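The primary structure of each chain is shown beneath.
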Amino acid sequence: MKRGLPIFIVTVTAVLIVMAWFQSGGAERREMRSASTPDQAVRLMLSQIQARNYDAAYARLANRSDVDKNAFTREFAGSYSSLLTYASLESFDVWGLHSGDQEASVRAKLHYSTAVGPLDDIRDMKVEKAGDSWKVFWPVNTAAKLPPQVIPVNYLRWDVIQRGASDDWGVQNVDSPQVRIISMNAIQRPDSVVLVGEVVNEDSVPAYVNVGATLLDSRESEIAQESSFDKIAHTLLPKQVTPYRIDFPNMRLEKVKKVRMDVKALLVAASADPVIEVSQQKVETDPLGKKILSGQLLNQSGEVVNIPHVIAAYYDSNGKVIWVSDGYVAQALLPQVPVPFAVDVPPDIAKNVQTYRVVVNHYETNSQT
Amino acid sequence: MRRLITVAIIFLVASVAQAAEIHPPAQTVAGNPITIASSGSGDATFYLIGPASASKRQVQAGSDIAVDSDQIEHAGRYVAILCASDGCASSSFFVNAAAPNRLSLLVHPSRVPVGSANGISTVAFVFDNFHNLVLKPDSIKFSVQPKGGNEVSADRESKDGIAWVRLTSAKKEGPTKLGAAIGHANEIRVVQQVAADACNLRIKASRAKNDYLIETDPVRDCSGNPVPDGTVVSFTMTDSAGKTTVDVPIKRGVAKIEMSIKGRARVTVASGVVTGNELEVSGG
């Protein structure tokens, strides 16, 4: 009995260590250390990235002499407080596209878990045979670097002084901004009812906007209540228009007799900076065969946009909003450096899309507003 | 609750027993001291119950009871009760608001588009020095002073302590001062009259280095007022590379953007729900 307990503890500890090793992909890494196939080479590199062992992942590259290690690390670990800095690579799928004796193409779908939800990234990688094993040929980052410079920014800023607690009754406060819902369309999706539309800030001051909706049945009883949450550009400058989308999961449109819309606007301090250009927008098919709206974001200001958020409204031939989709961009927007983006469009919606409009939400860690 | 019951019991006893008597004035003015005559003799307790306060003190029955000004600052019905050894007596009196000397001026909205018919509501509540609503009709002077213009005023009589006017905003943008005055009170509010929606929004294109500079004419509303800086103007350019959109705030009266254009491109402009002209541009 005296020896029994220590032996039991040692055995359980050993079992737990082995389980943890398997869980962390240790067995897989060991198995693929030699990378005898192109798929294995990519899997090994990605599993090392998943374990945040960027040095080991970098060592798996065929063209290390051309690739800067810090730039390679930033591709996965993020930089400038971008979304990837608040993310971890949860899993990945790898499959071969083309395979030869000395060269192969492999596609990897990376599933990140981020602070704002899941984020997928698809990458096509070239893999080369070096001796007995395969190594990943990493594309050299050719993005232009911004030279040190001063970018004068003199856009407007609005500050708000509200009525104080010590003010007498009847002392005038500043009014909330006037905002208006300019369109609303209820759509039945396979698993939900979705309300899409647009809101305009009609006032001459900035507004923080949120749209809510209540579904009523034939007896005018409330059956569901939701808000646009992050599927809206909350801060609207004067005369700015934003799309919004409100999802009602597990709901059928037949049950709904009436929709009560509620738009709330608060007067907030805001800045007209940064201005973000959205260029090269087009609806196309991605390598996985999905319909996407892709384009490029260009931060025209001097301030870094840490987490860009793209919201796109799609219109039919009558100018009616038929869908709103959104997506966070993994990279930060550095001044004057273009960054690509893509958001999904459901295939049944894509065939009716006549035109579209993209707005960009921006989150800055050093924001003064 | 206990206090309420005590007061109710005292009031009940006072209404039954008529031994001592007190004679307050039927009406008085808030903030003015009064003297209440009493009859009877010996030590007594004097209660004064008002709309916002209640007090108790020892007095001599048969003498005049002085009520300080700070005990009757609130307008409304007061009950004075005198309890001596031979019973209680009560009498009620009214305290009216003093002369108007304060105004609460509510002006809505704080921002209004130019030329809005009856778009500004101005409501004045008349109070005395002690925050009592003055129900007696009195004349209030409302005034409007536009930026760089002469003051215009008109009198309105208050009814039940309230007087109001509705105003149409001017054709010219800018702040305007709205005032109301009565007694020593003179309250002023500022309403910003802002340009209405953009009118006849037009853009033009010119060459700038490698790109095109697209800029609006000075953006004005239909009355010719400049639309405020910071108002967003949306430029949309469609060329062979796809569609480009930029939301640009107006700066110094115009909104402008540099765009790289390849081949033939169509550029459109909008601000809120207002759309402007279209340009056909040929790039390099």
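Bear in mind that the values here come from a model prediction, so they are computed numbers and not experimental data. (Residues numbered from 1 in each chain as written. Chains lettered and ligands numbered in written order. Predicted model: local features only at pLDDT ≥ 70, side-chain atom pairs only at ≥ 80, totals over all residues.)

Asker: Sorry if this is basic, but what is going on with unusual backbone geometry here?
Answerer: With the exception of glycine, the majority of residues adopt a negative phi angle, and the majority of peptide bonds are in the trans configuration. A:Pro274 follows A:Asp273 through a cis peptide bond whose omega is 0°. As for its position among the elements, A:Pro274 is in the loop between strand 13 (270-271) and strand 14 (276-285). Cis geometry marks the peptide bond from B:His108 to B:Pro109; its omega dihedral reads -5°. Assignment of secondary structure puts B:Pro109 in the loop between strand 9 (102-108) and strand 10 (111-113). In this model, B:His131 sits at a positive phi of 70°, which is unusual for a non-glycine residue. As for its position among the elements, B:His131 is in the loop between strand 11 (120-127) and strand 12 (139-146). With 15 C-beta atoms packed within 10 Å, B:His131 lands in the partly exposed category. (Helix = DSSP H or I, 4+ residues; strand = E, 2+ residues; numbered from the N terminus. Buried ≥ 20, exposed ≤ 12 C-beta atoms within 10 Å, placed from the backbone.)

Asker: It is not clear to me how the interface of chain A and chain B should be interpreted in this structure. Could you clarify?
Answerer: Each side of the interface is counted separately: chain A has 30 residues, and chain B has 28 residues. Elements supplying a minimum of two residues to the side of chain A that touches chain B: strand 14 and strand 19 (355-363) of chain A. Taken together, the three bridges between strand 14 of chain A and strand 20 (residues 242-249) of chain B define a ladder with antiparallel strand orientation. For A:Gln281, the partnering residue across the bridge sits in strand 20 of chain B and is B:Lys243. (Contact = placed C-beta atoms within 7 Å. Pairing = 2+ DSSP bridges.)

Asker: How should I be thinking about the domain arrangement of chain A in this particular structure?
Answerer: Frequently, the measure chosen for interface size is the accessible area that the parts lose on association. According to the domain assignment, chain A contains domain 1 (22-137), domain 2 (157-163 + 171-270) and domain 3 (273-363). Placing the centre of domain 1 of chain A and that of domain 2 of chain A at their C-alpha centroids yields a distance of 42 Å. (Domains from an automatic or database assignment.)

Asker: Explanation requested: the pairing of strand 19 (residues 232-239) of chain B in the structure shown.
Answerer: On a regular strand, each side chain points to the face opposite its neighbour's, so the side chains alternate between the two faces of the sheet. Residues and elements named next belong to chain B. The buried fraction of strand 19 is high, at six of eight residues. Taken together, the eight bridges between strand 19 and strand 20 define a ladder with antiparallel strand orientation. Each bridged residue has a counterpart across the sheet, and for Phe235 the counterpart in strand 20 is Val246. Hairpin connection, strand 19 to strand 20: the antiparallel pair is bridged by two residues. Across five bridges, the pairing between strand 19 and strand 22 (residues 264-271) is antiparallel. Bridge pairing in strand 22 links Thr236 to Thr268.

Asker: Please clarify how the sheet that holds strand 4 (residues 43-49) of chain B should be interpreted in this entry.
Answerer: Consider a sheet: its strands pair through backbone hydrogen bonds, and that pairing is either parallel or antiparallel. All names here are of chain B. With mixed pairing, the five strands of this open sheet are ordered in space as 2-8-7-4-5. Strand pairing shows two members of the sheet lacking a second neighbour, strand 2 (27-29) and strand 5 (54-60), which therefore form its edges. Averaged over neighbouring strand pairs, the angle between their axes works out to 30° when direction is ignored. As judged from the three bridges shared by strand 2 and strand 8 (residues 87-96), these two strands associate in the parallel manner. Its bridge partner lying in strand 8, Thr28 is registered against Val95. (Axes fitted to C-alpha atoms, helices over the stretch in contact; angles between N-to-C directions.)

Asker: Can you walk me through the environment of B:Ile36 in this structure?
Answerer: Residues and elements named next belong to chain B. Locating Ile36 in the fold gives a position in strand 3 (residues 34-38). C-alpha of Ile36 to C-alpha of Ala80: the two residues are 44 residues apart in sequence and 8.8 Å apart in space. Aside from chain neighbours lying at most four places away, what touches Ile36 is Ile22, His23, Pro24, Asp64, Ile65, Val67 and Ala80.

Asker: Mind showing me how you'd approach the domain arrangement of chain B here?
Answerer: Residue and element names in this part refer to chain B. Domain annotation of chain B identifies domain 1 (2-96), domain 2 (102-194) and domain 3 (203-282). Here the C-alpha centre of domain 3 lies 41 Å away from the C-alpha centre of domain 2. Every contact between the two is made by six residues of domain 2 and, on the other side, four residues of domain 3. Residues belonging to the side of domain 2 that touches domain 3 are distributed by class as follows: two nonpolar, one polar and three charged. (Nonpolar A, V, L, I, M, F, W, Y, C, P; charged D, E, K, R; others polar.)

Asker: How should I be thinking about helix 3 (residues 38-50) of chain A in this particular structure?
Answerer: Since the α-helix packs 3.6 residues into each turn, any two residues three or four apart lie on the same face. Residue and element names in this part refer to chain A. Relative to the 18 Å expected for 13 residues at 1.5 Å per residue, helix 3 spans 18 Å between its end C-alpha atoms, a close match to the ideal helical length. Across the 13 residues that make up helix 3, a large majority, 11, are buried. Count one or two residues on from helix 3 and you reach Arg52, which has phi positive near 60°. (Expected span 1.5 Å × (residues − 1).)

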